[in-house]
Amino acid sequence: MATTTLPSGEPAPEDTSLYPIAVLIDELKNEDVQLRLNSIKKLSTIALALGVERTRVELIPFLTETIYDEDEVLLALAEQLGNFTNYVGGPDFAYTLLPPLESLATVEETVVRDKAVESLRQIAVLHSPTDLENHFVSLVIRLASGDWFTSRTSACGLFSVCYSRVNPMIKSELRNFFRNLCQDDTPMVRRAAAGKLGEFAKVVELDSLKNDLIPMFSSLAQDEQDSVRLLAIEACVSIASLLTHEDVNDLVMSTLRLCTSDSSWRVRYMVADKFTELQKAVGPEITRIDLVPTFQSLLRDTEAEVRAAAANKVCDFCRNLCPPVASGALLNDPNVAQTSNAVDSIIMTSILPVVKGLVADTNQHVKSALASVIMGLSPILGKQRTLDHLLPLFLTQLKDECPEVRLNIISNLDCVNEVIGIQRLSETLLPAIVELAEDPKWRVRLAIIEYMPLLASQLGVQFFDDKLNSLCMTWLTDHVYAIREAATLNLKKLVEKFGAEWAQTSVIPKVIVMARDPNYLHRMTFLFCINELAEVCGPEITAKTMLPTVLSMASDSVANVRFNVAKTLQKIGPIVAQSAAVKSQIKPVLDKLNTDTDVDVKYFAAEAMSIIACN
């Protein structure tokens, strides 16, 4: 048997207190990666067995010296160490965890480095100010000045967690190191710095933000690599939110203007994606002067991805333009009214004309993004403008060849309903929806069915019964099986929304009529409906109104119908199990089907009998 050696290289004595770390060493040297991974995941148990002092003196140094394993093992170790403070003696000894995490923060695999940085950030807040300055800051500086780019990228994520708790001299040193990272020769490091610049900006002093970080931001926003420039946009949001509007205008806007017209579509996409956050950060005045023209430009961008990202922000952008009214007393304030009129003018003259163009965009993703938000403009524009300007756009989108566009409109009808009322809605949009529900393309009909429960909840039970109930019943007899199947599931969802009593009066009588339909496919659809409805209607309604018709179909001339009767009885038998109907009605019918001449009918009847017998 091989002798286990300790980290010092000496043979492990027979002392049983050394057993846990000896086992760990054996397992970490095992050729099986999974075994090594399991041993790492048991570190906390081993640490408890060793005690806090031996964990600090033996286990942590051993782990630090043996960081050369497979990436998945290193990832597990990086994660474990982030929650290891209590096992080394608490916050006073948190600094002892820094050496292994520092090594992990320099490895080649990105996910391991990221997890190590995450764990370092977790334990940074546990350090006392003295330990932070003596141990943690030293680690950050070593990483930031490392020879390999991997250590320098990891350093970028650590400045913000220690900066606010160190003395002014160290703060100045940290800012200088961060500036060096922003100017690093390696694009990956500059990219990491750009990604953490906004986070760092939130913890530095205002003067340092203006004098040190904004020049860094300007440099990164004009970097030769577009992957760096696009990350600077996110930092811009954080920086602008920390400055006065005057400082934003003087220090940030010139750089932001360059980003909005960047030659790389990816940078412009990031501007569009973060646009409403930028809008809130810079304030209403700069928005009206600078961002409205910029938003128009993004909505007309040559790249579809940029147009789609901007289209997705249309509603939020317009909503943010509206001045918040703190109380009813302000409603008569002439300044508020003047601002409101200015906002209306911006939306009607600058935004809506561009939106109208996007409705007919050549790219379906752009049209779909717009359709997902355009209904939200109704509450902003009000009833008359919705009727005059938006409804024609909605109708165009409801007839779009792209199903996603149509469905995005249908799924947001409640916004328009609140503004123009159900009557106007039914007069304008509902005919278009009904037309789609009868579309020759079965996939279009299927898409409308899937949104019918949502539409029903928006319109209400009375309106649904008047306008759409008959349409839902028509789908049950569609010539395409997928439509009939979807229609049965649709009925179940409608009953879940409107209740079993509604089903008893508005659905079940119409479904039962199908049991006598000359077309056997329709008779089978009746059985499929019962399978779904019984579950939501409950035992009483099932036994009283649906079961008798199902039982009567056991003598159907078509074998496919008869074996589906057996399958339906198998489904609803447990539901009505407490009722005497099981013994007196269902079992005799199944006994009869069990002697049927068709082998499939006999098989399903026997299966149903065994299921019901178990209940």
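Residues numbered from 1 in each chain as written. Predicted model: local features only at pLDDT ≥ 70, side-chain atom pairs only at ≥ 80, totals over all residues. Heavy atoms only, no water.

1. Notes on the overall build of the chain
Consideration 1: A tally of regular secondary structure across the chain gives 38 helices and 0 strands.
Consideration 2: On C-alpha atoms alone, the chain measures out to a radius of gyration of 34 Å, which is more than a quarter above the 25 Å that the 2.2 N^0.38 rule sets for 615 residues.
Consideration 3: Overall size of the chain, expressed as C-alpha extent along the three principal axes, is 90 × 85 × 45 Å.
Consideration 4: The 615 residues of the chain split such that 53% are buried.
Consideration 5: Total accessible area on the chain is roughly 28000 Å²; 50% of this is exposed by carbon and sulfur atoms.
Consideration 6: In the chain, 57 positive and 77 negative side-chain charges are present, and the distance between their average locations comes to 7 Å. (Helix = DSSP H or I, 4+ residues; strand = E, 2+ residues; numbered from the N terminus. Rg over C-alpha atoms; globule rule 2.2 N^0.38 Å. Buried < 20%, exposed > 50% of the residue type's maximum accessible area, 1.4 Å probe, protein only. Areas by Shrake-Rupley, 256 points an atom, 1.4 Å probe, with all protein chains shown as cover. Lys, Arg positive; Asp, Glu negative; His and termini not counted. Charge placed at Lys NZ, Arg CZ, Asp CG, Glu CD.)

2. Quick look at the packing of aromatic side chains
Consideration 1: As enumerated under the stated definition, the model contains 14 aromatic pairs in all.
Consideration 2: Here Tyr163 and Phe200 contribute two aromatic rings whose centre-to-centre distance is 5.3 Å and whose plane-to-plane angle is 90 degrees, an arrangement assigned as edge-to-face. You can see Tyr163 sitting in the loop between helix 10 (159-162) and helix 11 (168-182) and its partner Phe200 sitting in helix 12 (residues 187-201), a full 37 residues away along the chain.
Consideration 3: On the basis of relative accessibility, which here comes to 0%, the residue Tyr163 falls in the buried class.
Consideration 4: Between the aromatic rings of Trp265 and Tyr269, the centroid separation amounts to 6.4 Å while the plane-to-plane angle is 80 degrees, which identifies the pairing as edge-to-face. Here Trp265 pairs with Tyr269, and both are found in helix 16 (residues 265-273), just 4 residues apart, close to one helical turn.
Consideration 5: A relative accessible area of 33% places Trp265 in the partly exposed class. (Phe/Tyr/Trp six-rings, centres within 6.5 Å; stacked < 30°, edge-to-face > 60°.)

3. Overview of the state of the cysteines
Consideration 1: A complete count under the given rule lists 0 disulfides for this structure.
Consideration 2: This cysteine, Cys162, is not joined by any disulfide, and Cys156 carries the nearest cysteine sulfur, 12 Å off.
Consideration 3: Given a relative accessible area of 0%, Cys162 falls into the buried group. (Disulfide = S-S within 2.5 Å.)

4. Section: the packing of helix 34 (residues 520-537) against helix 35 (residues 539-552)
Packed helices, taken two at a time, are described by the angle their axes make and the gap between the axes.
Consideration 1: As a packed pair, helix 34 and helix 35 sit with axes 10 Å apart at the nearest point and diverge in direction by 165 degrees. Here helix 34 is positioned roughly antiparallel relative to helix 35, judged by the angle of their axes. Note that helix 34 runs across helix 35; the crossing there is left-handed. Between helix 34, through Phe526, Leu527, Ile530, Leu533, Ala534 and Cys537, and helix 35, the contact on the second element is made entirely by Ile541, Thr542, Met546, Thr549 and Val550.
Consideration 2: For the contact of helix 34 with helix 35, the per-class residue count stands at 9 nonpolar, 2 polar and no charged. (Axes fitted to C-alpha atoms, helices over the stretch in contact; angles between N-to-C directions. Parallel < 35°, antiparallel > 145°, perpendicular 65-115°, else oblique. Left-handed = near helix turned anticlockwise from the far one by under 90°. Contact = heavy atoms within 4.5 Å. Nonpolar A, V, L, I, M, F, W, Y, C, P; charged D, E, K, R; others polar.)

5. Focus: the packing of helix 17 (residues 275-282) against helix 18 (residues 284-299)
Consideration 1: At a closest axis distance of 10 Å, the pairing of helix 17 and helix 18 adopts a crossing angle of 170 degrees. Here helix 17 lies roughly antiparallel to helix 18, going by the angle between them. In this structure, helix 17 contributes Phe275, Leu278, Gln279 and Val282 to the contact, and helix 18 contributes Ile286, Thr287, Leu291, Thr294, Phe295 and Leu298.
Consideration 2: Residue composition of the contact of helix 17 with helix 18, grouped by class: 7 nonpolar, 3 polar and no charged.

6. Quick look at a negative patch on the surface
Consideration 1: Together, Glu70, Asp71, Glu72 and Glu108 give the surface a local cluster of negative charge.
Consideration 2: Here Glu70 is to be found in the loop between helix 4 (52-65) and helix 5 (71-81). (Patch = residues over 30% accessible without salt bridge, like charges linked within 9 Å, V, L, I, M, F, W, Y side chains within 5 Å. Salt bridge = Lys/Arg side-chain N within 4 Å of Asp/Glu carboxyl O.)

7. Notes on helix 9 (residues 149-156)
Consideration 1: For helix 9, the buried fraction is high: 7 of the 8 residues fall into the buried class.
Consideration 2: Listed in full, the buried residues belonging to helix 9 are Thr150, Ser151, Arg152, Thr153, Ser154, Ala155 and Cys156.
Consideration 3: Each element contacted by the buried residues of helix 9 is listed here: helix 7 (110-124), helix 8 (129-144), helix 10, helix 11 and helix 12.

8. Things to note about the pattern of salt bridges
Consideration 1: One pass over the full model with this rule turns up 25 salt bridges.
Consideration 2: Across the pair Arg257 and Asp290 runs a salt bridge, and its minimum N-O distance is 2.8 Å. Placement of the pair is Arg257 in helix 15 (residues 245-260) and Asp290 in helix 18, with a sequence separation of 33 residues.
Consideration 3: Between Asp301 and Arg268 there is a salt bridge, with its nearest N and O atoms 2.6 Å apart. Of this pair, Asp301 sits in the loop between helix 18 and helix 19 (304-311) while Arg268 sits in helix 16; the two residues are 33 residues apart in sequence, bridging distant segments of the chain.
Consideration 4: What makes Asp301 buried here is its relative accessible area of 9%.
Consideration 5: Judged by relative accessible area, which is 10%, Arg268 ranks as buried.
Consideration 6: Through salt bridges with shared partners, a single ionic network connects Lys171, Arg175, Arg179, Glu205 and Asp212.

9. Describing the environment of Leu231
Consideration 1: Among the structural elements, Leu231 can be located in helix 14 (residues 226-242).
Consideration 2: Along the chain, Leu231 and Asp478 lie 247 residues apart, while their C-alpha atoms are 52 Å from each other.
Consideration 3: Those residues in contact with Leu231 that lie beyond four places of it in its chain are Arg191, Ala194 and Gly195.

10. Overview of the side chain of Arg152
Consideration 1: Summarising the element assignment, Arg152 is placed in helix 9.
Consideration 2: For Arg152, a relative accessible area of 11% corresponds to the buried category.
Consideration 3: A polar contact is formed between the side chain of Arg152 and the backbone oxygen of Gly146, at a distance of 2.9 Å.
Consideration 4: With sequence-adjacent residues up to four places away left out, Arg152 is seen in contact with Leu143, Ala144, Gly146, Asp147, Leu181, Asp184, Thr186 and Val189. (Polar contact = N/O pair within 3.5 Å; in protein donor to acceptor, adjacent residues only side chain to side chain.)

11. Here we look at the side chain of Gln397
Consideration 1: Mapped onto the fold, Gln397 is located in helix 24 (residues 383-398).
Consideration 2: Sequence-distant contacts of Gln397, defined by excluding residues within four places in its chain, comprise Val359, Lys367, Leu370, Ala371, Ile374, Val405, Arg406 and Ile409.

12. Some points on the nonpolar core
Consideration 1: With 214 residues, the main nonpolar core has Phe136, Phe159, Trp475, Phe526 and Leu569 as its most contacted residues.
Consideration 2: Excluding anything up to four places from it in sequence, Phe526 contacts Val511, Ile512, Met514, Ala515, Thr549, Val550 and Met553. (Core = buried A, V, L, I, M, F, W, Y, C linked by side-chain atoms within 4.5 Å.)

13. A short note on the confidence of the model for the chain
Consideration 1: Averaged over all residues, the pLDDT of the chain is 85; the fraction at 70 or higher stands at 90%.
Consideration 2: Scored below 50 in pLDDT, residues 1-16 shows 20 contacts in the model against residues more than four places distant or in partner chains.
Consideration 3: Per-residue pLDDT stays below 50 along residues 325-332; that stretch engages in 4 contacts with residues further than four places along the chain or on separate chains. (pLDDT = per-residue confidence, 0-100.)

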